[in-house]
Amino acid sequence: MTPSSQMILSLLAAFGIGSILGNYFQSKFQHTRDLKNKVHKWKRERYGAIIMQILTVLRFNKYGTRFAKEQRPNLNTKNDYLEEIKLEFLHGIVMMSDEVINSLADFLRKEDYDSYSQVVNAMRKDLWGKKSKVDKKTITDIVNIKYI
């Protein structure tokens, strides 16, 4: 075999291995990106549901299930909503950030607007990756507007 044919065979082998490695890493990257997108979508959906359930708990004495009944007709009491929040918490504990877990646990202990604000800010940070400039008072003021 001549040196030039050996070089050609070496180049073909290198391109083949390079192509295989390139395809492998591209597939791995795509899988990781798809997984992250699925987790992010799950978080957006579940966090939204949790926020509405928390609001129903906080305003139960004033509004009952008036605003939440369409979404969850099987939940009738404040305790039903608290149990649903706990269930969401248990389902999501693997995917939620530490800050969301801690703030949600704090809400379940206190059931107040201050801990609700902490949950909202923790979820926003978990979803969008940056600290929120919205303070607790702003969130509390917004949720206390009549008919929200």
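Thresholds, definitions, all that
- Residues numbered from 1 in each chain as written.
- Predicted model: local features only at pLDDT ≥ 70, side-chain atom pairs only at ≥ 80, totals over all residues.
- Heavy atoms only, no water.
- Axes fitted to C-alpha atoms, helices over the stretch in contact; angles between N-to-C directions.
- Helix = DSSP H or I, 4+ residues; strand = E, 2+ residues; numbered from the N terminus.
- Parallel < 35°, antiparallel > 145°, perpendicular 65-115°, else oblique.
- Left-handed = near helix turned anticlockwise from the far one by under 90°.
- Contact = heavy atoms within 4.5 Å.
- Nonpolar A, V, L, I, M, F, W, Y, C, P; charged D, E, K, R; others polar.
- Salt bridge = Lys/Arg side-chain N within 4 Å of Asp/Glu carboxyl O.
- Buried < 20%, exposed > 50% of the residue type's maximum accessible area, 1.4 Å probe, protein only.
- Core = buried A, V, L, I, M, F, W, Y, C linked by side-chain atoms within 4.5 Å.
- Patch = residues over 30% accessible without salt bridge, like charges linked within 9 Å, V, L, I, M, F, W, Y side chains within 5 Å.
- Areas by Shrake-Rupley, 256 points an atom, 1.4 Å probe, with all protein chains shown as cover.
- Expected span 1.5 Å × (residues − 1).

Remarks on the packing of helix H4 (residues 98–110) against helix H5 (residues 113–128)
Piece 1. Close contact between H4 and H5 brings their axes to 8 Å; oriented N to C, the two are set at 165°. When the axes of H4 and H5 are compared, the pair comes out roughly antiparallel. Read as a crossing pair, H4 and H5 show a hand that is left-handed. Taking contact as the criterion, the partners of Glu-99, Val-100, Ser-103, Leu-104, Asp-106, Phe-107 and Lys-110 in H4 are, on H5, Ser-115, Tyr-116, Gln-118, Val-119, Ala-122, Met-123, Lys-125 and Asp-126.
Piece 2. Looking at the contact of H4 with H5 residue by residue, the classes come out as 7 nonpolar, 3 polar and 5 charged.

As for the pattern of salt bridges
Piece 1. Under the defined criterion, the tally for this structure stands at 8 salt bridges.
Piece 2. The residue Asp-106 makes a salt bridge to Lys-110 at a minimum N-O spacing of 3.4 Å. Remark: Lys-110 and Asp-106 occur in helix H4; sequence separation between them is 4 residues, near one turn of the helix.
Piece 3. Its relative accessible area of 48% is what places Lys-110 among the partly exposed residues.
Piece 4. Salt bridges sharing common partners tie together Asp-106, Arg-109 and Lys-110.

Topic: the nonpolar core
Here is a general trend for soluble globular proteins: nonpolar side chains tend to be buried in one another's company.
Piece 1. The biggest cluster of nonpolar side chains holds 27 residues, and the ones touching the most others in it are Ile-54, Met-96, Leu-104, Phe-107 and Tyr-116.
Piece 2. In terms of residue count, helix H1 (residues 3–58) provides more of this core than any other element does, 7 residues in total.
Piece 3. With near-sequence residues (within four places) excluded, Met-96 lies in contact with Tyr-47, Ile-50, Glu-88, Phe-89, Ile-101, Leu-104 and Asp-126.

Focus: the packing of helix H3 (residues 78–92) against H4
Packed helices, taken two at a time, are described by the angle their axes make and the gap between the axes.
Piece 1. Viewed as axis vectors pointing N to C, H3 and H4 meet at an angle of 160°, and their least axial separation amounts to 11 Å. With respect to each other, H3 and H4 are oriented roughly antiparallel. When the axes of H3 and H4 are compared, the crossing they make is left-handed. Facing H3, whose interface residues are Leu-82, Ile-85, Lys-86 and Phe-89, H4 presents Ile-101, Leu-104, Ala-105, Phe-107 and Leu-108.

Quick look at a nonpolar patch on the surface
Piece 1. Among the surface-exposed residues, Ile-93, Val-94 and Met-95 lie close enough to one another that they form a single nonpolar patch of about 280 Å² accessible area.
Piece 2. Here Met-95 shows up in the loop between H3 and H4.

A closer look at the side chain of Asp-106
Piece 1. A relative accessible area of 12% means that Asp-106 is categorised as buried.
Piece 2. When sequence neighbours within four positions are dropped, the list of residues in contact with Asp-106 reads Ser-115 and Gln-118.

Things to note about H4
Piece 1. Helix length check: H4 (13 residues) gives 18 Å between terminal C-alpha atoms against 18 Å at 1.5 Å per residue, within 8%.
Piece 2. Within H4, the full set of buried residues consists of Val-100, Ile-101, Ser-103, Leu-104, Ala-105, Asp-106, Phe-107 and Leu-108.
Piece 3. Positive backbone phi, approximately 50°, marks Glu-111, located one or two places after H4.

Regarding unusual backbone geometry
Piece 1. One non-glycine residue, Glu-111, lies in the positive phi region at around 50°.
Piece 2. Tracing the chain through its elements places Glu-111 in the loop between H4 and H5.
Piece 3. Exposure remark for Glu-111: the relative accessible area of 29% places this residue in the partly exposed category.

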